[in-house]
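Structural characterization, general
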Amino acid sequence: MSETPPGLTTQPTATTYELGEIVPWAWQGRIRVPHFQRDFRWQSKDVLRLFDSIVRGYPIGNLLLWVRRSPAEMIKLGKLIIDAPAHDEALWVVDGQQRLTSLANALSPEGNKHEPFNVVYDLALGEFIESPKFSLEPHHIDVPTLFDGRRLLTWFRTQGPDVEDYYDKAEEVSTKLRQYKVPAYLVRQDDLDILTDIFDRMNNYGRRLNRAEIFTALNAGAEEGSETRLNFARISDNVAARTLFGTIDVNTVLASFLARRGPDPTRDIRTEFSSEMRRSGLEFPMEDEQTAYREAEEALVRAVIFLIEVAGVPHIALLPYRAQLVVLTRFFAHFPEPGSNTLRLLRRLFWRLSIAGPSVFRGSFTQFSRILSNKIRRGDEEGSVQALLETMKDAVHSPPSPDRFRTNEATAKIVLSAWWSLRPRSIASGLPADVQSLSSVLGDEQTPVSATPYLFPRLNEPGEKDKRLWAANRIFLPFGEDLPSEVIRMLTEPRIDLDQTIQQAVLESHLIDDRALEALSRGDRIGFLQARQQRIRTQLEDFLARMTEWKYEDTPSLDALDLDEEEQSDSEIDFSNDRLQ
């Protein structure tokens, strides 16, 4: 059993702070945020609701503050960069980060310039609103001015008679802001384990953090040096920068991290680095935490490169299921340089899982990742691949229908991967897409909606409405360009700016054949959509037949039969260089 941390030697001190006292402390650098806290998540509506609650006198919850001696350092609080001096009793926010960060930024002249902290008070309506994009109305007063009694008086003197009737109301709101009392508990305890235990318990009652955030908090380590240590958010950023695959969410990174170290990515995260877990059969039992993070990042990079270069999935927005990435990370952690036959069989597995996995695993992606991860056995590359493929032997498979194209669903992502194999060309320039151009459009987006505009946003005529969700009514533009307003003319008429061969290549890359083009030329939208939908269906079936290879035997490689080792095939992927060319 893991050792239970001792309790607090003294109970937390209960106190209250007025906003007029604690907010300036934040500006002076006395309020600090521990590195194990989650990132700031609130949106404008949350910040506005906070201010509305304050002036109504509603409770906004208690703060839990860790009192500790802290060095001088540059700190970041929301949009504020603060040169914080050393302090014997700095207040580290264990609970209440979102509230204090919002108040410190919105009430600061500098922080108030930025979303979601750009709050103003509408004197005419008597409510807080987002700052208008262009200029404030005479009856709009920014909350930094409202919070400061002297600035408030000066503001009314300079605004003129148009607003003088609002002075009493503004002064009332200003007083409520400055004098609002926030309850707080002060913890004086140097033991970081106790603090993270409190953090864990607080965030597992009522409002819950996600698993990755809890894991990061429980394994945060000392505050000193935290800025250079890896965590799941930094791994996600690193993988995105190294591969252009987009941002992998931290829960998927955590599951991949756990899958690398052991066959169950759903196991209890609270004892991951305890001596108890080392005795339970982890596959990398003696590695320290930072080594585990580094190796997880490398395995993720190899898995992502496989997706891009072998499976034909160029961005996370086109990945059908995140559980697939978890399983691939485990595989590439144990077999970093698989043979060419293994890569081919892994590609089959990936696409078979994409179209038949939900039925085989009954839609449970927790079960999906756990069962498949258990099939990967350390030191047995060939046996692991065969065991993975065996899970799909009885799968009933048929190509997904392109008649329902919703960008947040797996079917649309499968369709787009099939289109990606054609390297869609820019309608304007005729240039083919590549990973970099797609990444420039999708960036950190988790769905491909920004790269797949409707060709006909409004289909209201008889016979058209049921075709709005067809894949044929979408076009894949992985170039950061808007759909040209004259797209129909650019597709149907000869162009002097493009060679005829290039223009034909553009049409083919977007699955527009002669029949569809003829219908489009005569303004027959239904005919165009029907012809293009048939072409899309055929191309999708051909793509999936090549990728899944259902009709082929899943035979082991010759290497597995102990024959003389062959030279590396030209089709084998080199994972020694993680940057895509």
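These numbers come from a predicted model, not from an experiment.

In this section: the sheet that holds strand β3 (residues 63-70). The five strands lie next to each other as β1-β10-β3-β6-β2, forming an open sheet whose pairing is mixed. Each end of this open sheet is capped by a strand with a single partner; those strands are β1 (13-18) and β2 (31-32). Alignment of β3 against strand β6 (residues 87-95), held across six bridges, turns out to be antiparallel. The residue of β6 that forms the bridge with Val67 is Leu91. Strands in contact with helix α3 (residues 97-106) are β2, β3 and β6; relative to β6, the strand with the most contacts, it is inclined by about 115°.

Right, let's talk about the environment of Pro24 for a bit. Tracing the chain through its elements places Pro24 in helix α1 (residues 19-28). Residue class for Pro24 comes out buried when judged on its relative accessible area of 18%.

What follows covers the packing of helix α17 (residues 410-420) against helix α22 (residues 525-548). Between α17 and α22, the shortest axis-to-axis distance is 9 Å and the interhelical angle comes to 85°. Between α17 and α22, the crossing angle belongs to the class labelled roughly perpendicular. Residues Ile414, Val415, Ser417, Ala418 and Trp419 of α17 form the contact with α22, whose own contacting residues are Arg532, Ile536, Gln539, Leu540, Phe543 and Leu544. Here the residues of the contact of α17 with α22 sort into eight nonpolar, two polar and one charged.

With that settled, consider the nonpolar core. If you look at the biggest cluster of nonpolar residues, it comprises 100 residues, and the most contacted ones within it are Phe232, Phe257, Phe306, Leu307, Trp351 and Phe528. For Phe257, the contacting residues outside a window of four places in its chain are Phe215, Phe232, Glu272, Phe273, Ala292, Tyr293 and Ala296. The next biggest cluster of nonpolar side chains, apart from the first, holds 49 residues, and it includes Val55, Ala104, Val182 and Leu186.

Looking now at unusual backbone geometry. Looking along the chain, the bond that leaves Glu115 and enters Pro116 is cis, with omega of 0°. In this structure, Pro116 sits in the loop between α3 and β7 (119-122). With a phi angle near 65°, Leu244 is a residue other than glycine that sits in the positive phi range. Within the secondary structure, Leu244 sits in the loop between α9 (232-243) and α10 (250-261).

To continue, consider the packing of helix α8 (residues 211-218) against α10. At a minimum axis distance of 8 Å, the contact between α8 and α10 shows a crossing angle of 65°. In this structure, α8 contributes Arg211, Ala212 and Phe215 to the contact, and α10 contributes Val250, Asn251, Leu254, Phe257 and Leu258. Here the residues of the contact of α8 with α10 are counted per class, giving six nonpolar, one polar and one charged.

This next bit is on the pairing of β6. A regular strand places its side chains so that they alternate between the two faces of the sheet. As defined by bridge partners, β2 adjoins β6 across two bridges and the pair is classed as parallel. Considered in β6, the bridge of Ile31 is made with Leu91.

For the rest of this paragraph, the subject is the pattern of salt bridges. Counted under the stated rule, the structure contains 27 salt bridges. When the shortest N-O distance is used, the salt bridge between Asp88 and Arg69 registers 3.5 Å. A residue pair is termed long-range when its members are at least 10 positions apart, and Asp88 in strand β6 and Arg69 in strand β3 qualify at 19 residues. Asp88 gets classed as exposed once you look at its relative accessible area, which sits at 56%. As a salt-bridge pair, Lys176 and Glu172 come within 3.4 Å of each other at their nearest N and O atoms. Placement of the pair is Lys176 and Glu172 together in helix α6 (residues 167-179), with a separation of four residues, close to one helical turn. Since its relative accessible area comes to 38%, Glu172 is described here as partly exposed.

Okay, the environment of Ile414 next. Its location among the elements puts Ile414 in helix α17. Sequence-wise, Ile414 and Leu544 are 130 residues apart; in three dimensions their C-alpha atoms are separated by 9.0 Å. In this structure Ile414 touches Pro320, Trp351, Ser354, Ile355, Pro400, Leu540 and Leu544, once residues within four positions along its chain are discounted.

Quick notes on the rules
- Residues numbered from 1 in each chain as written.
- Predicted model: local features only at pLDDT ≥ 70, side-chain atom pairs only at ≥ 80, totals over all residues.
- Heavy atoms only, no water.
- Pairing = 2+ DSSP bridges.
- Helix = DSSP H or I, 4+ residues; strand = E, 2+ residues; numbered from the N terminus.
- Contact = heavy atoms within 4.5 Å.
- Axes fitted to C-alpha atoms, helices over the stretch in contact; angles between N-to-C directions.
- Buried < 20%, exposed > 50% of the residue type's maximum accessible area, 1.4 Å probe, protein only.
- Parallel < 35°, antiparallel > 145°, perpendicular 65-115°, else oblique.
- Nonpolar A, V, L, I, M, F, W, Y, C, P; charged D, E, K, R; others polar.
- Core = buried A, V, L, I, M, F, W, Y, C linked by side-chain atoms within 4.5 Å.
- Salt bridge = Lys/Arg side-chain N within 4 Å of Asp/Glu carboxyl O.

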